[in-house]
Amino acid sequence: MGLIRAVMNTVFWKERQKRKPLGPRWPLLLFHVDTGGCGGCGMELQAMTCLPYDMQGAGFGFVNSPRSADVLLVTGALTRTMAPVLQAAWEAMPNPKGIISIGNCALDGGVFSENYAVMGGLERRVSVDLAITGCPPSPQEILNGLCSLLGSAAQGGKKETPSGG
């Protein structure tokens, strides 16, 4: 049994080493805030934690507190009720930190226009480090976008990943 385990660890360890990101910390810890909307993007984020999307193998993980997060993931149109919650989560995060908008609603409001309850998207309010567009973007598109963020960290550039959704 020990020999089989050693062989399996060697084979799978080589695969994980190929995908290990060159980030400041591994894994890159993500905190998700759903600020309003239909919840589709949140379900796609949840699907990333299951097979066939190896989120942890790619170097990402979710945390339950913004105090231990590296990046803030925002889904849904920004509502007036959730704006203070989003601000508090951002202020609780340690530096350096980043913000990623997932889906069209988080970026520009999507189908939710500005009104008495909805403030729209993040693009006119904060500097977004990465915008993953789509309604909703697939788990693979989200994972590709997150991996592209690590690739651009050395270049210091802002990225936007288009989607087919």
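Remember, it's a predicted structure, so these values are computed and weren't measured experimentally.

Colleague: Please clarify how the packing of aromatic side chains should be interpreted in this entry.
Modeller: The description of an aromatic ring pair rests on the distance of the ring centres and on the angle between the ring planes. Enumeration according to the criterion identifies 0 aromatic pairs in this entry. Taking NZ or CZ as reference, Lys 97 lies 4.6 Å from the ring centre of Trp 90, over its face.

Colleague: Can you walk me through the environment of Ile 99 in this structure?
Modeller: Residue placement: Ile 99 occurs in strand S5 (residues 98–102). By relative accessible area, Ile 99 is classed as buried at 7%. Sequence spacing of Ile 99 and Val 71 is 28 residues, and the spatial spacing of their C-alpha atoms is 5.6 Å. Dropping the residues within four chain positions of it, Ile 99 is found in contact with Leu 72, Val 74, Trp 90, Leu 122, Val 126, Ser 127, Val 128, Asp 129 and Leu 130.

Colleague: Help me understand the nonpolar core in this model?
Modeller: Within soluble globular proteins, side chains that are nonpolar tend to cluster in buried spots. Counting residues in hydrophobic clusters, the biggest one holds 19 residues, and the most contacted among them are Phe 60, Leu 73, Ile 100, Ile 102 and Leu 146. Elements with a minimum of two residues in this core: strand S1 (28–34), helix H2 (40–47), strand S3 (71–75), S5, strand S7 (130–132) and helix H5 (139–152). Here the element with the most residues in this core is H5; it accounts for 5 residues.

Colleague: Explanation requested: the side chain of Thr 35 in the structure shown.
Modeller: As for its placement among the helices and strands, Thr 35 is situated in the loop between S1 and H2. Exposure remark for Thr 35: the relative accessible area of 1% places this residue in the buried category. Within the structure, Thr 35 has its side chain in polar contact with the backbone oxygen of Gly 76 (distance 2.9 Å). Setting aside chain neighbours within four positions, we find Thr 35 in contact with Val 74, Thr 75, Gly 76, Ala 77, Leu 78, Thr 79, Met 82 and Leu 86.

Colleague: Can you help me understand empty space enclosed by the protein in this one?
Modeller: Gaps between atoms show up when a probe of the same size as a water molecule is rolled over them. As enumerated under the stated definition, the model contains 1 cavity of 30 Å³ or more in all. Within this model, the largest cavity holds a volume of roughly 100 Å³. Looking at the largest cavity, it is lined by 15 residues, and the ones nearest its centre are Cys 38, Gly 40, Cys 41, Gly 76 and Cys 105. Listed by contribution, the elements that provide at least two residues to the lining of the largest cavity are H2 and helix H4 (104–108). Along the lines of polarity and charge, the residues of the lining of the largest cavity split into 5 nonpolar, 9 polar and 1 charged.

Quick notes on the rules
Residues numbered from 1 in each chain as written. Predicted model: local features only at pLDDT ≥ 70, side-chain atom pairs only at ≥ 80, totals over all residues. Heavy atoms only, no water. Phe/Tyr/Trp six-rings, centres within 6.5 Å; stacked < 30°, edge-to-face > 60°. Lys NZ or Arg CZ within 6 Å of the ring centre and 35° of its normal. Helix = DSSP H or I, 4+ residues; strand = E, 2+ residues; numbered from the N terminus. Buried < 20%, exposed > 50% of the residue type's maximum accessible area, 1.4 Å probe, protein only. Contact = heavy atoms within 4.5 Å. Core = buried A, V, L, I, M, F, W, Y, C linked by side-chain atoms within 4.5 Å. Polar contact = N/O pair within 3.5 Å; in protein donor to acceptor, adjacent residues only side chain to side chain. 1 Å grid on protein atoms, 1.4 Å probe; cavity = no way out; pocket = protein on both sides within 12 Å on 5 of 7 lines; lining within 4 Å. Points joined across faces, edges and corners; volume = space filled by probe spheres on them. Nonpolar A, V, L, I, M, F, W, Y, C, P; charged D, E, K, R; others polar.

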